[in-house]
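Architecture and fold: a report
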Amino acid sequence: MEPSDTGAQHRSHVDVVLVDDHPLFSRGLALLLPGVSEGRVRVVATTDDASAAAAMVRRHHADVAVVDLHMPPPGGTRAIAAIRRADPTVRVVALSGQAEEDAVLEALRAGAVGYLPKTADPEALVRPLLAVLDGWSVIPEDLLRRLLEDSTPAGEQGLAERLTADERRLWRLVADGTSTVEIATTLHVSERTAKRLVAALLRTLGVATRVEAAALAGRVHLGGNGRQR
């Protein structure tokens, strides 16, 4: 798991909308999650219509939307983008039975804060769903490693050298999974300033989430540790 730039909300429970075109799967998950989470995860609605996902999330004031990537048109990725446009505060987690790197990257670029495999047990989904509400992004370690090992596109070559020393240091902190609070302490700034600096860095790097920033750091071989002077 990697922390995102939105900060912790510290909620004791999370209201979830499931967007999946397999009713048996979504209904089963809706029944199991509240029990295995001891009420911390509450499924407030399900839909098998990707085009209706954004409206449903807003109608139920959901905290998190879990969206299957392989939905009929308009598809899971467009549903993620629509949800984020409708309410940028909603945390979206992509779900799929196939860990296709390109599809996961598209979901992250559309605004998802992570990816979870459909093969995971309901118990294994509870902690990530609570974590995303606390400002974290989630992605399985093996998939993150493969993303980090991807070749560097031509447009990314020399990116680190074009940044200032302070920007490179902040990037290393983000890539290391450092929380916003820890970044603020390390840089001797307020937490609010740290959030603003991270958001500015993500814009400079041309990525949407800290997960993408970490993957990009691996591709450009950004070395060192942000805590080092």
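To be clear, the structure that these remarks concern was listed above.
Residues numbered from 1 in each chain as written. Predicted model: local features only at pLDDT ≥ 70, side-chain atom pairs only at ≥ 80, totals over all residues. Heavy atoms only, no water.

1. A look at the overall build of the protein
Of regular secondary structure, the protein possesses eleven helices and seven strands. Relative to its full complement of 229 residues, the protein shows a buried share of 49%. Taking the intrachain contacts of the protein between residues at least 6 apart in sequence as the baseline, contacts between residues at least 24 apart amount to 71%. For the protein, the exposed area adds up to about 11,100 Å²; of that, 50% sits on carbon and sulfur atoms. (Helix = DSSP H or I, 4+ residues; strand = E, 2+ residues; numbered from the N terminus. Buried < 20%, exposed > 50% of the residue type's maximum accessible area, 1.4 Å probe, protein only. Contact = heavy atoms within 4.5 Å. Areas by Shrake-Rupley, 256 points an atom, 1.4 Å probe, with all protein chains shown as cover.)

2. Some words on the sheet that holds strand S2 (residues 14-19)
Taken together, five strands build an open sheet; the order of strands is S3-S2-S4-S5-S6 and the sheet is parallel. Since the sheet does not close on itself, it has two edges, and those belong to strand S3 (41-47) and strand S6 (114-117), each with one partner. Here the average twist between neighbouring strands, direction ignored, is 25°. Where strand S4 (residues 64-68) meets strand S5 (residues 91-96), five bridges bridge the pair, whose relative direction is parallel. (Pairing = 2+ DSSP bridges. Axes fitted to C-alpha atoms, helices over the stretch in contact; angles between N-to-C directions.)

3. Some thoughts on empty space enclosed by the protein
A full pass over the atoms with the stated rule returns one cavity of 30 Å³ or more. Lining the largest cavity, in full, are Leu18, Leu29, Leu33, Val66, Leu95, Leu116, Leu125 and Leu129. Here the residues of the lining of the largest cavity are counted per class, giving eight nonpolar, no polar and no charged. (1 Å grid on protein atoms, 1.4 Å probe; cavity = no way out; pocket = protein on both sides within 12 Å on 5 of 7 lines; lining within 4 Å. Points joined across faces, edges and corners; volume = space filled by probe spheres on them. Nonpolar A, V, L, I, M, F, W, Y, C, P; charged D, E, K, R; others polar.)

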